[in-house]
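# Summary of the model geometry
Chain residues, written in single-letter form:
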Amino acid sequence: MTDTAPQDAARLAEAVRSGDRRALARAITLIESTRADHRATADALLAALLPYTGNSVRLGISGVPGVGKSTFIEAFGLHVIGLGHKVAVLAVDPSSQRTGGSILGDKTRMVDLSREADAFIRPSPAGATLGGVARRTREAMLICEAAGFDVIVVETVGVGQSETAVADMVDLFMLLLLPAGGDELQGIKKGIVELADLVVVNKADGDLAATARHTVADYRHALALLRHGDWRVPVLSCSAVKKVGIDTVWDTIGEHKALTEANGARATRRAEQARAWLWSEIRETLIDRFRAHPAVRADLARLEEEVTAGTTIPAAAAHILLGRFLDQTGGA
């Protein structure tokens, strides 16, 4: 740890806890940095803020493109703020696999919510992290909690393994669906639906109102036997554009919170998530150090080419590279 890290972290932690929004943004930028000296300060910052975390409702929201996630989150956030809460939205954008760039457009899509004093919207590029959730999303959640936000929403990319990733860091995972039927209904992956603590059919208005009712009925029938402990997964409908049904969604989240606090499931879930976070950090850090290791870098490009060309078996190439890494790191 650098000599100035503890002092810098203490000053930033105090500013975050005082409600300084610019300090909050700086703190999240700090934890997202890959610089070693920034990491030392970030670790000290998180240690200082940890006693003031854990008091929020942590929500994950996912859904296919076009389902209206941003519109829903804005309507939901405005409703919850109206009830006296403070809402932080961590919107993870898909990053370009070629350039590493990202659109970061959620803030422009949630114009009304971004103007609220009790709202904080932070888009973060997903980068190369498996699951479409930014590597430091968990830490960003803690910083927002320490800053006084009591409802944290993580919006996922909504593709690949992002649903599993976000379900491992929130209290309630919500799946947004479009009104659909027949083949479209069958196209929703069973595994994704089984992760959900709450299913909400959005765009239940206008010409789609009747289709939405049928979709809700179909999913209620399909999920009738699906339970997460003592919790039976509800299927609701809403119209984010019309702001209809948002209150029922929030009330249902409250019911889930009350039940899981009473039966201990919330504490158990968070403890398991902390353990998963530990191993995730170990994996990510090991991969970073592995790629940066001089002995590995010397052979990596050549072995990748041989594997791609089919002249070397991937397992053999992996063993060679791991040998280079372990031999020079003191491993067995």
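Just so it is clear, the structure is predicted and the values come from calculations on it, not from any experiment. (Residues numbered from 1 in each chain as written. Predicted model: local features only at pLDDT ≥ 70, side-chain atom pairs only at ≥ 80, totals over all residues. Heavy atoms only, no water.)

### Side note on the packing of helix 2 (residues 21–32) against helix 3 (residues 36–49)
- Their axes nearest at 8 Å, the elements helix 2 and helix 3 cross at an angle of 125°. It follows from the interaxial angle that helix 2 and helix 3 lie oblique. For the pair helix 2 and helix 3, the sense of crossing is left-handed. On helix 3, the residues touching A27, L30 and I31 of helix 2 are H38, R39, T41, A42 and L45. (Axes fitted to C-alpha atoms, helices over the stretch in contact; angles between N-to-C directions. Helix = DSSP H or I, 4+ residues; strand = E, 2+ residues; numbered from the N terminus. Parallel < 35°, antiparallel > 145°, perpendicular 65-115°, else oblique. Left-handed = near helix turned anticlockwise from the far one by under 90°. Contact = heavy atoms within 4.5 Å.)

### Concerning the nonpolar core
- Membership of the largest hydrophobic core comes to 48 residues, with the highest contact counts inside it found for V16, L24, L45, I143, C144, F149 and L223.
- With near-sequence residues (within four places) excluded, F149 lies in contact with R21, L24, S56, K86, V87, A88, D118, A119, F120 and C144.
- The next biggest cluster of nonpolar side chains, apart from the first, holds 31 residues, and it includes V87, A91, V151 and V249. (Core = buried A, V, L, I, M, F, W, Y, C linked by side-chain atoms within 4.5 Å. Buried < 20%, exposed > 50% of the residue type's maximum accessible area, 1.4 Å probe, protein only.)

### Focus on the packing of aromatic side chains
- Throughout the structure, instances matching the rule amount to 4 aromatic pairs.
- Centre to centre, the rings of F72 and F76 are 5.8 Å apart; their planes meet at 15°, and the pair counts as stacked. Residue F72 and its partner F76 are both found in helix 4 (residues 69–82); the two are separated by 4 residues, about one turn of the helix. The pair formed by F72 and F76 is uniform in burial state, with each residue classed as buried.
- Joined through ring pairs, the aromatic side chains of F72, F76 and W250 make up one cluster.
- Sitting above the plane of the Y52 ring, R17 keeps its charged end 3.5 Å from the centroid.
- The lysine or arginine in question, K86, covers the ring of F149, its NZ or CZ lying 4.7 Å from the ring centre. (Phe/Tyr/Trp six-rings, centres within 6.5 Å; stacked < 30°, edge-to-face > 60°. Lys NZ or Arg CZ within 6 Å of the ring centre and 35° of its normal.)

### Focus: helix 2
- The terminal C-alpha atoms of helix 2 lie 17 Å apart, and with 12 residues this matches the ideal 16 Å at 1.5 Å per residue to within 8%.
- Along helix 2, the positions that sit buried rather than exposed are A23, L24, A27, I28, L30 and I31. Projected down its long axis, helix 2 shows its buried positions confined to an angular sector of 155°, all on one face.
- The opening residue of helix 2, the one whose side-chain oxygen lies 3.0 Å from the backbone nitrogen of R22, is D20. (Expected span 1.5 Å × (residues − 1). Arc of directions from axis to C-beta. Polar contact = N/O pair within 3.5 Å; in protein donor to acceptor, adjacent residues only side chain to side chain.)

### Focus on unusual backbone geometry
- One non-glycine residue, K203, lies in positive phi territory at about 65°.
- By the secondary structure assignment, K203 is in the loop between strand 6 (198–201) and helix 11 (209–222).
- At K243, a position not held by glycine, the phi torsion is positive, near 60°.
- Turning to its location among the elements, K243 is positioned in the loop between strand 9 (235–237) and helix 12 (246–262).

### Observations regarding the confidence of the model for the protein
- Chain-level pLDDT for the protein is 86 on average; 83% of the residues reach the 70-or-more range.
- Averaged pLDDT values over the elements of the protein bottom out at 54 in helix 9 (residues 183–186) and peak at 98 in helix 12.
- Every residue in residues 95–105 scores below 50 in pLDDT, and together they form 19 contacts with partners more than four places removed in sequence or on other chains.
- Within the model, pLDDT remains below 50 along residues 128–132, and this stretch shows 9 contacts once partners closer than five positions in the same chain are excluded. (pLDDT = per-residue confidence, 0-100.)

### Some points on the pattern of salt bridges
- This structure, assessed with the given rule, holds 17 salt bridges.
- Taking the shortest distance from any N to any O, the salt bridge between E139 and R39 comes out at 3.1 Å. Of the two residues, E139 sits in helix 7 (residues 137–146) while R39 sits in helix 3, which places them 100 residues apart along the sequence. Across the pair, R39 and E139 agree in class, each one buried.
- Each of R39, D43, R136, E139 and E281 takes part in salt bridges that share partners, so that together they form one network. (Salt bridge = Lys/Arg side-chain N within 4 Å of Asp/Glu carboxyl O.)

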